[in-house]
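Here's the letter readout for the chains.
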Amino acid sequence: MLRNYYQDLNVLNVNTIPNRAYYIPSKPGNISDQKTNNDSVMLLNGDWKFKFYKKVQDFTFDIDQYDTIPVPSNWQMHGYDAHQYTNVRYPIPYNPPYVPKENPCGLYERTISIKDKESNRFFLNFEGVDSCHYVYINDQFVGYSQVSHSTSEFDITNFIQNGDNKLQVVVLKWCDGTYLEDQDKLRMSGIFRDVYVLVRPKEFLFDYQIKTNITSDNTATVCITMNDHETKLQKKIILADTNHTIISELSTSECKADIIVNNPILWTAESPYLYYITFETENEVITDTVGIRTIAIENSIVKVNGKQVKFKGVNRHDSYCDTGYVASLERITADLKLMKQHNINAIRTSHYPNRPELYKLCDQYGFYVIDEADIEAHGTITMANPANHDLYADIANNPKWTNAIVDRIEKLVQRDKNRPCVIFWSLGNESGYGCCFREAGKRVKEMDDTRIVHYESMVIPEAEKAKGTEKFEVIDVVSHMYPSLSWLENDFIGNPNENRPRILCEFAHAMGNGPGDLNRYYDLIYKYDNFCGAFVWEWCDHTVLVGEKNGKSMYHYGGDFGEFPHDGNFCMDGLVYPDRKPHTGLLELKNAARPAHIHYKNGKFQIENKLDFTNLNDILYLQWTIKQNGNVIQSGEIRALDVNPHETTELPIELQQLSGGRVYIKFDMISINETPLVEAGSVLGFEQFDLSTEEYQQDLPTIGGKLFVDDGKTHITIKGESFTYRFNKDAGSIDYIDLLGNIILNKSIEFNLYRAPTDNDMYSKKAWIEDGFNRTNPYTYDITVSEVENGIAIHCPLSIQAVYLANLCEIESVWTVYNSGAINVTLDVKARDNMSYLPRFGLQLMLDESLSNCSFFGYGPHECYVDKHTSTYKDMFQSAVPNMHEDYIFPQENGSHYDSEYVCLTSDKAKVEINSCNNHFSFNVSPYTIEELANKTHNYLLEKSGYTVLNIDYKMSGVGSNSCGPELEPEYRLSEKKFKFEVNIIPTLK
Ligand code: GAL
Ligand code: MG
């Protein structure tokens, strides 16, 4: 019954009117650009009748029983069909333009009440329907359209009558467009954005395009081109400033108008100044905002308003765990607020046009945008085994697809062309290159010559590439994903054969615990003029919230829906959890992108402005504090920071002569002004410097009553004045600590080489498991006990072994127990040569659960690693043990504290202090065991161990971003073959 448009590459839109700029008209008496309380808009959101069909063949209009579904929504969020999460692989067989016969289908129905049909025209708009839709009014076919994330508009004037009309929309899950919508996301269907009828006069302004120029004498021209369907409609154009003070007013029946603005206030993401423009025609007013700004590339440098800018970006999807693709304005605003608060100034709308209002909010709040077309054909490369990039050509270089691809580009550019925030048009993602994209690029330039064309996927078949003739001329900026630091610097930024600006549309894959090294990528952004910025992959974890268990939200990901194929938890790779709680990776990004850098050289501090347009005086002041051993000894404020963009000034700070202990100075950058998204007084970033002049001397109390030692067959028992310890001869470690009846340890301390793999360990972990790091046992040799000053020493040589493997480590261990009860453990470790680097090396103590309070001196307050501690600083911190677990939805190693010097766990009665005379260490403390974190698939399934699990590591390897990025940099791996680890364990009663 449905015409087969959905499997026909030559039919993309039937009876839609041409694409135009997004705007919302209104009536003269009540001027608005909103969809509610607007006489020009009949918003059709709300409950619709709904009928779901498992396959389109079953579809019929002839039904008596309907369900109800909210519009906008995805039907999978309302119990129909099922979710699927697939990344590269298509959810359907590759057989374009055909899609499976079992093609789920939804019939939506509601009534629309029309009045004054005679004096108006009526336009039905859909801002987003996945994947295609057929529209019927009063049983007549109105039209068809596809492209899920773009607007379709139908002139329904001739289909309606005054009074009630029946509107029906048939939505199919798959169409030929599915082959171009293979974005890495949860696959969902239905009408997921606003639907409305615009009630417009018979003659109206159909479209307009606004461009802005700035001339050297400080005037700007706002150049307007209009499309009034050649009606010579009289249009009054008013330009007003941000306070609605009119700057210019003119009337014209022509379709071009230039407005001169003297001393314009320019738009930038740092100062998003907007003018108001209104177009008044006889019975209608369109109101919009204008940002005056220019975009240019000069000498490989991207410039806004003639100044070099850096994009500190993230990739954003319209994605929410409880509403699917439905992005409310409140939710979008909350996302933008969080981004601003974390120093993000740019968004790539991966990989499709986001909800249209997002761009207006970006104009208003100040974000630069890479606006991407709804195109990804990644699955072409996996249509045959093995995956092969040459296969991209099946679509990218196939003229049959040109119209479909160009249509998507037109829909993108036409809709968003008036948004000042849009700096780049992106031709899509991961689809390869060929004739279709060449046409698309040309078409963009015809439509808009003011913006930069971006497209990362400059991929052509190897044989073509070898010819060296393809120059990708329609692309203005060279883009890449997930490079290693050295490749990025030497081969990409440093490529002498390329003179286009460089950008990373994706880097720092933020999956799970990570990403590492953000600050070093940022160093390169600042170092090279031709490298204009980088966008973290990605903003949010994609999941579906399905309920609650054990007091936690149950978030489901790929595979939890019984689907095939699926890509597991690869969809949870955001900087924020699904509920928008920041991951520690977002905190890292915030400080990597801080507005200023502080340098410390020869006893002097300097501040460098990292912004592109704003004097530091206008945005922040400094609060500084010097702490010695965690106590404040000096502090102050620096208010006068007259530092222009990219410039550096010395800071007026006189340091007292300091000696002894751990001395650190920390500068907090505090925002001065209340802005719509950032409160005055917020910390925008910080820097810390170590001013210590000497290594801190750790306490190791040795004096106490006499020790009684019983060297038994399996154990050595050591009794002191207020404690009994036991050394386990097979475990090669202490297995019992009793403080006058308070047993705080009753399991042997273990030598530990393993961590619960992080997402970023997904490749390294194979070697770790093959090398047996997760299943080690100690094997002890001859144990001797000797007396030392104020104590006894147990000398225990041992090996770390694993079944069928040669010994992993040989360790000379000495456990010295002092009369005071303090224990010193010294381990001389030799690791086997031919094995992988170690995730960590350390001791694990299963302490009594009552030791649930932790204070420590190290990097904090949150988790940090050798390559992920830009957002942490050294200080004395205090926390309850359960709060030191970072609750990744997919459980993994978390909560480590890099470069620590002191840890103290306390209960009501006892305490255990950890320090070291010779080395700093990493530690984590958690209610969960490594095995529990390694084996459970969801955080809501985690069970507490009943212990306080303390891991003290000689070193913990870094986290990196290898889940979809370079291998962990060698310098962050624990690959030492010979090292000495020393730690003091000091249990006492309180
Ligand atoms: C990129 C792709 C993204 C996402 C990411 C991995 O290749 O463009 O859409 O799939 O990898 O999370
Ligand atoms: Mg992809």
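Presented here is a report on the structure given in the accompanying data block. (Residues numbered from 1 in each chain as written. Chains lettered and ligands numbered in written order. Predicted model: local features only at pLDDT ≥ 70, side-chain atom pairs only at ≥ 80, totals over all residues. Heavy atoms only, no water.)

Comments concerning the overall build of the chain
As a reminder of what qualifies: A helix here means a DSSP run of H or I that spans at least four residues, while a strand means a run of E at least two residues long, and both kinds are numbered starting from the N terminus. Computation of the radius of gyration draws on C-alpha atoms alone. For the globule rule, the value is 2.2 Å times the number of residues to the power 0.38. Think of it in three bands: with a 1.4 Å probe and only protein chains considered, a residue is buried below 20% of the maximum accessible area for its type, exposed above 50%, and partly exposed in between. Note on definitions: a residue-residue contact is assigned when non-hydrogen atoms from the two residues lie within 4.5 Å. By the counting scheme adopted, Arg and Lys are positive, Glu and Asp are negative, and His together with the chain ends is not counted. Throughout, a charge is located at the NZ atom of Lys, the CZ atom of Arg, the CG atom of Asp or the CD atom of Glu.
Across its full length, the chain carries 11 helices and 63 strands. Taken against the 2.2 N^0.38 rule, which gives 30 Å for 990 residues, the C-alpha radius of gyration of the chain at 32 Å falls within 12% of a compact globule. Seen along its three principal axes, the alpha-carbon backbone of the chain occupies a region of about 105 × 70 × 60 Å. Considering the chain as a whole, with its 990 residues, one finds that 63% of them fall into the buried category. At a minimum sequence separation of 6, the contacts of the chain that also span at least 24 residues come to 72%. Distance from the positive charge centre (94 side chains) to the negative charge centre (136 side chains) of the chain: 2 Å.

Considerations on the coordination of the magnesium ion (ligand 2)
What counts is decided by this rule: Coordination here is defined by N, O and S atoms within 2.8 Å of the metal (3.2 Å for Na, K and Ca), and since water is not considered, a site can look incomplete.
Within the first shell, the magnesium ion (ligand 2) binds the protein through Glu376 (OE), His378 (ND1) and Glu430 (OE), at distances of 2.0 to 2.2 Å. For the magnesium ion (ligand 2), the single-chain donor residues occur in sequence as E-x1-H-x51-E. In this structure Glu376 comes out as buried when scored by relative accessible area, which is 0%. We classify His378 as buried; its relative accessible area is 9%.

Let's talk about the packing of aromatic side chains
Worth spelling out the cut-off: In summary, the pairing rule links any two rings of Phe, Tyr or Trp, Trp by its six-membered ring, whose centres are within 6.5 Å, and it sorts them by plane angle into stacked for under 30 degrees, edge-to-face for over 60 and tilted for everything else. Geometrically, a lysine NZ or arginine CZ counts as sitting over a ring once it is within 6 Å of the ring centre and also within 35 degrees of the ring normal.
Applying the stated rule across the entire model yields 53 aromatic pairs. Ring centres of Phe856 and Phe923 lie 5.1 Å apart, and the angle between their planes is 70°; on these two criteria the pair is classed as edge-to-face. In this pair, Phe856 sits in strand E56 (residues 853–860) while Phe923 sits in strand E61 (residues 921–926), placing the two residues 67 residues apart along the sequence. By relative accessible area, Phe923 is classed as buried at 0%. Three or more aromatic residues joined by ring pairs make a cluster, and in this case those are Tyr5, Tyr53, Phe59, Phe61, Tyr134, Tyr136, Phe141 and Tyr144. Lys666 extends its terminal NZ or CZ atom over the ring of Phe686, reaching a point 5.0 Å from the ring centre.

Details of the environment of Gln341
Mapped onto the fold, Gln341 is located in helix H1 (residues 329–341). The exposure class of Gln341 is partly exposed, given its relative accessible area of 23%. Gln341 sits 249 residues away from Lys590 along the chain, and the two C-alpha atoms are 7.8 Å apart. Excluding residues within four positions of it along the chain, Gln341 makes contact with Lys590, Leu677 and Val678.

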